[in-house]
Amino acid sequence: MKVFSESHKTVFVVDHCPYMAESCRQHVEFDMLTKNRTQGIIPLAPISKSLWTCAVEASMEYCRIMYDIFPFKKLVNFIVSDSCSRILNSWTQEDQNLQELMAALAAIGPPNPRADPECCSILHGLVAAVEVLCKITDYQHEARTTLIENAERVANRGRIICLTNAKSDSHVQMLEDCVSETIHEHNKLAAGSDQLMPIQKCELVLIHTYPVGDDSLVSDRPKKELSSVLTSEVHSVRAGRHLATKLNQLVQLHFDLASTTITNIPMKEEQHANTSANYDVELLHHKEAHLEFIRSGDGHVGNSREPTLKDTVTLKWCTPRTNSVELHYCTGAFRISPVDVNSRPSSCLTNFLLNGRSVLLEQPRKSGSKVISHMLSSHGGEIFLHVLSSSRSILEDPPSISEGCGGRVTDYRITDFGEFMRENRLMPFLESRYKLDGTVEIPLERAMSQLERHTRYWPMIISQTTIFNMQAVVPLASVIVKETLTEDDVLNCQKTIYNLVDMERKNDPLPISTAGTRGKGPKRDEQYRIMWNELETLVRAHINGSEKHQRVMECLQACRSKPPEEEEQRKKRGRKREDKEEKSDKGAKEYDHDKKWSESERMKSSIDRDKEELMETEVIKDSPDSPEPPNKKPHIAVEDVAPVEKSKGPMSLLSLWSNRINTANSRKHQEFIGRLNSVNNKAELYQHLKEENGSEAIENGKTGRQ
């Protein structure tokens, strides 16, 4: 659809009824010659403007700012409403200037205070405003001609700004209902006409103005949607400078304008030609002139002269000045409009720039070198605010990615990014594919979905990631980004998690970047905590993909949580360690103890493996004819070695080595059967002599001796 926003068409409806002739009660001193006055001459009394004059001046100031910044494609239609509606201009570009509007308003004149108020109504102007919005502008006609086959795609939107003196909130609601009904009726007429266009969106801005000192009978109301076509907002504003300030705010809001205050402008004083003073001038322009400037957080942003105005960006006049023949690399140029166009500083600055001079503007900084960010210069009789580039110019050779884009970051994942581009390269679409629900899969949506999955968690800098620098995590990282997982994928992910658990148990080092950190960096436990947190972030980003993604997450959480008995043993070891070690070198001794304890655990596991190997060799070496002992258990003397589980605290390396040697030696011969059947290491000799059959006892004794 060809975009024509609400700011393309603006209709001003100004009330010309008798009550608008009332004084605004904001006095202006008419006789300013207070010095050197002859005695006896009575000074002239101060004057005050009418509500009509205040409304006309404020609306003309709105139009002046709009015409200065947007001389094309932003159109205004002016309507005066009393006993009937009078349209002062048309949508043609020739009628879009202040001279035409001021001449037409001068011909109408001020409202007649003696006219019949019953015959006057603002409704005539609102109805005429809706009719005018339905008319096609030249720009819309050109767009419809270009899109002749899809002329209905050209949008028709507009804004109605009504300045009146309402009686109450119910009166305001009646005006809104009238506009809504009129739009509905004229949209029906425009649907069947080639010369009209239905209104697709209309903004109604009702401004209730009243004399200074009176109480407002109408309450403010923010923007409210009355229908799918009409939105309305109400502003209750005192007349005089308050109304001018409100229109200045609205023009900035309606046309996306921003404010810039030029400070420290040197100007010669009229009274003293040899002296100069510094002045400030506030300018309005499109907000894109400060988009990158404000986003970077540089410069000073402060309030304007009026506390109700929007914030302004302060730029400092930079000397020496330059001529227009000098070339500067600019990234944008935007028309400007002075806020106070009739003031002496604004007039002097405008004349200075129109004479062919250019002024550089710098950001005021308390420390560091100055940064020149903007330039004021005129082209063809119009003044532009140029945005100067403070970074590398695009006219130069493009920088290497390893140099960083204007910053100190250089450790980009260039190799990984190249692999990422290869995996997400677009290919020609040869045949249609269907989803599970039977609908045709659109290739662009499929590609965007895959790209979104692959970039849910993808650190760009090497020092900001741990898992993507580990080869052990590659199987999980390459599988978890899939839309659907198979059982083999889940097993691979679980196997990767188990390998990481084994690495943590073995206390293997991790590729943690220590750039920019003092010392040796984080400790090993902290490194693994960082690794586990990042891995959980990666898996959690894809947890909603399928039920199998959820299983991977559950496996990760189960492996991260330690068993309670292991945690209890760790706490007991910590308490015993605190009792034995001194507080002065507590940190170093804890590290040594943990190291010894881990080696003791490894030694214990090696002892168990040796036991199993020796038992297997013993079974093989024994002959089938040898008698098998009733309880085949390796004999280990109580005084020789104590079980590792029952030891108090960690065992020394000497005890561990002695236990291993004694155990190995006890396996090299067959244990005496009498000692195996002994009680408390005491065996009773000649047990069979006490039997009743002496001959059998003697024979058995002989057999036992043999």
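Every value quoted in this text rests on a predicted model; they were computed, and no experiment measured them. (Residues numbered from 1 in each chain as written. Predicted model: local features only at pLDDT ≥ 70, side-chain atom pairs only at ≥ 80, totals over all residues. Heavy atoms only, no water.)

Things to note about the environment of Thr 92
- The topology assignment puts Thr 92 in the loop between strand S5 (85-87) and helix H2 (98-108).
- A sequence separation of 47 residues divides Thr 92 from Tyr 139, and the C-alpha atoms of the two residues are 9.4 Å apart. (Helix = DSSP H or I, 4+ residues; strand = E, 2+ residues; numbered from the N terminus.)

Description of unusual backbone geometry
- At Lys 73, a position not held by glycine, the phi torsion is positive, near 65°.
- Secondary-structure assignment places Lys 73 in the loop between helix H1 (51-69) and strand S4 (75-81).
- Positive phi values are uncommon outside glycine, yet Asn 264 reaches one of about 60°.
- Positionally, Asn 264 belongs in strand S10 (residues 257-268).
- Classification of Asn 264 by relative accessible area gives partly exposed; the value is 33%. (Buried < 20%, exposed > 50% of the residue type's maximum accessible area, 1.4 Å probe, protein only.)

Focus: the nonpolar core
- With 40 residues, the main nonpolar core has Phe 12, Tyr 62, Phe 78, Leu 105, Ile 207 and Leu 243 as its most contacted residues.
- Of all elements in the fold, only strand S1 (9-15), H1, S4, H2, strand S6 (157-164), strand S7 (201-210) and helix H6 (241-254) reach the threshold of two or more residues within this core.
- Element by element, the count of residues in this core is highest for H1, at 13 residues.
- Phe 78 has contacts with Phe 12, Val 14, Ser 59, Met 60, Arg 86, Ile 87, Leu 88, Asn 89, Leu 101 and Leu 105, leaving out every residue within four places of it along the chain.
- If you look at the next biggest cluster of nonpolar residues, it comprises 33 residues, including Val 11, Ile 122, Ala 128 and Val 229. (Core = buried A, V, L, I, M, F, W, Y, C linked by side-chain atoms within 4.5 Å. Contact = heavy atoms within 4.5 Å.)

Observations regarding the sheet that holds S4
- Taken in spatial order, the 7 strands make up an open sheet running S5-S4-S1-S6-S7-S9-S8, and their pairing is mixed. Strands at the two margins of the open sheet, each flanked by one partner only, are S5 and strand S8 (221-225). Strand-to-strand twist across the sheet, computed as the mean angle between neighbouring axes with direction ignored, equals 20°.
- Bridging between S6 and S7 involves 8 bridges; their strand directions are parallel. Paired with Cys 162 across the bridge in S7 is Leu 206. (Pairing = 2+ DSSP bridges. Axes fitted to C-alpha atoms, helices over the stretch in contact; angles between N-to-C directions.)

A closer look at the confidence of the model for the chain
- When the pLDDT values of the chain are averaged, the result is 78; 71% of them are 70 or greater.
- Mean pLDDT values over the elements of the chain span from 44, in strand S12 (residues 300-302), up to 96, in S1.
- Note on residues 580-601: pLDDT under 50 across the span, and 15 contacts to partners over four residues away in sequence or across chains.
- For the stretch residues 614-647, pLDDT sits under 50, and the model shows 22 contacts to residues farther than four places along the chain or on other chains. (pLDDT = per-residue confidence, 0-100.)

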